[in-house]
Amino acid sequence: MISDVTGDSGKDGRDEASPLPGLRWPIKRSFVNYVRSLADGQGSATHGASVSDSMEFTYEIDPDFSSINEWRFRGDVRFAGHAGLLFVRIADPGIRVLGDEGVAELTVVDPYGSDTRLKLVTLRVLAQDGPGDTEAWVGSDVRLCADGVELFNDVYQPGEQFDSLEFLLGRRRQTP
Ligand code: HEM
């Protein structure tokens, strides 16, 4: 299913005051606005991904994945435009803690179809107080990796700032 996330349709209509569990990430607002400005710009959020009225994408938690230092989410967000020249897919993101001080990397399914995951951005994750008995994290200082440069047609260079993200997990657990 392709739902148009560049116009008024395809929104999940959720109440943004009560966030769903999962990863919430606007990705990069200037890029999304750029695609929305194209005459033929299109977007979709499917297979576990949805988009809010404020153009924030949510990926659901992947219940089949378990690791002490990585969280995986499910969903397929795609952008297209320029008569097919522009195609950006950001699917099934995973956030892996690499070491001390919350240094982490976010990988996605390879947009070009190989079996290896693409290292898209680095970030710093920090645990927050989540609502009720939930575990919440914030990811800041989100920066493009060298491996992700080609996906954006070499327009952004390594270190380009992407939007901060948040993820809400179902229940508390030990800090990795
Ligand atoms: C027909 C081919 C293309 C043309 C004529 C074109 C044109 C442009 C123009 C004029 C801008 C500046 C927009 C602005 O500042 O408002 C821009 C920005 C950009 N383009 Fe393209 N583009 C093309 C193809 C692509 C492709 C294939 C990609 C792949 C993802 C891409 C990714 C970007 C990105 C990431 C930006 C920067 C958006 C931002 O953060 O401000 N473009 N392009």
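This one's a predicted model, so the numbers in the text were calculated from it and none came from an experiment.

J.: Tell me about the overall build of the protein chain, residues and numbers included.
T.: Within the protein chain, the secondary structure is distributed over one helix and twelve strands. Listed N to C, the secondary structure of the protein chain is β-α-β-β-β-β-β-β-β-β-β-β-β in terms of helices and strands. Counting every position in the protein chain, which comprises 176 residues, the buried fraction comes to 31%. For the protein chain, long-range pairs separated by at least 24 residues make up 51% of all intrachain contacts whose partners lie at least 6 apart in sequence.

J.: Could you give me a rundown of the sheet that holds strand E6 (residues 76-81), with the residues and numbers involved?
T.: Taken in spatial order, the three strands line up as E2-E6-E7 in an open sheet, and their pairing is antiparallel. This sheet does not close on itself; its edge strands, each paired only once, are strand E2 (42-46) and strand E7 (86-91). Ignoring strand direction, the axes of neighbouring strands in this sheet form an average angle of 10 degrees. Where E2 lies against E6, five bridges are found, and the strand directions are antiparallel. Within the sheet, the bridge partner assigned to Gln42 lies in E6 and is Ala80.

J.: Give a detailed account of the nonpolar core, specifying residues and quantitative values.
T.: In terms of nonpolar packing, the biggest core is built from 34 residues, with Phe57 and Val121 touching the most fellow members. Residue contributions to this core peak at five residues, all from strand E10 (residues 117-129). Here Val121 is in contact with Leu106, Val142, Arg143, Leu144, Cys145, Gly148 and Phe162, once residues within four sequence places are set aside.

J.: Can you explain the pairing of E7? Please cite residues and give values.
T.: Judged from the six bridges that link them, E6 and E7 form a sheet pairing that is antiparallel. If you follow Val77 over to E7, its bridge partner there is Ile90. The antiparallel pairing of E6 with E7 creates a hairpin that spans four residues between the two strands, and His82 there sits at a positive phi of about 50 degrees.

J.: Give me the site of the ligand: which residues, what numbers.
T.: The environment of the ligand is made up of Ser30, Phe31, Tyr34, His82, Leu85, Leu86, Val88, Phe152, Asn153, Val155 and Tyr156. Counting only elements with at least two residues in the shell around the ligand, the list comes to helix H1 (29-37) and E7. If one sorts the elements of the shell around the ligand by residue count, H1 sits on top with three residues. Residue classes in the shell around the ligand are distributed as eight nonpolar, three polar and no charged.

J.: I'd love a proper account of the pairing of strand E8 (residues 94-97), names of residues and values included.
T.: As defined by bridge partners, strand E5 (residues 70-74) adjoins E8 across three bridges and the pair is classed as antiparallel. Note on E8: the bridge partner recorded for Glu70 is Arg96. As judged from the four bridges shared by E8 and strand E9 (residues 103-109), these two strands associate in the antiparallel manner. Its bridge partner being in E9, Gly94 is matched across the sheet by Thr107. Linking two consecutive strands that pair antiparallel, namely E8 and E9, is a turn of five residues; a positive phi of about 60 degrees is found at Glu101 within it.

J.: Outline the environment of Arg24, supporting the account with residue identities and numerical values.
T.: Within the fold, Arg24 resides in strand E1 (residues 22-25). Here Arg24 falls in the partly exposed class, since 19 other C-beta atoms lie within 10 Å of it. With 27 residues separating them along the chain, Arg24 and Val51 place their C-alpha atoms 9.1 Å apart.

J.: Quick one: what's the story with the environment of Arg78, residue by residue and with numbers?
T.: Position of Arg78 relative to the elements: it lies in strand E6. Along the chain, Arg78 and Ala45 lie 33 residues apart, while their C-alpha atoms are 6.6 Å from each other. Ignoring anything within four residues of it in the chain, the contact list for Arg78 reads Gly43, Ser44, Val88 and Arg89.

Analysis parameters
- Residues numbered from 1 in each chain as written.
- Predicted model: local features only at pLDDT ≥ 70, side-chain atom pairs only at ≥ 80, totals over all residues.
- Helix = DSSP H or I, 4+ residues; strand = E, 2+ residues; numbered from the N terminus.
- Buried ≥ 20, exposed ≤ 12 C-beta atoms within 10 Å, placed from the backbone.
- Contact = placed C-beta atoms within 7 Å.
- Pairing = 2+ DSSP bridges.
- Axes fitted to C-alpha atoms, helices over the stretch in contact; angles between N-to-C directions.
- Core = buried A, V, L, I, M, F, W, Y, C linked by C-beta atoms within 7 Å.
- Near = placed C-beta within 6 Å.
- Nonpolar A, V, L, I, M, F, W, Y, C, P; charged D, E, K, R; others polar.

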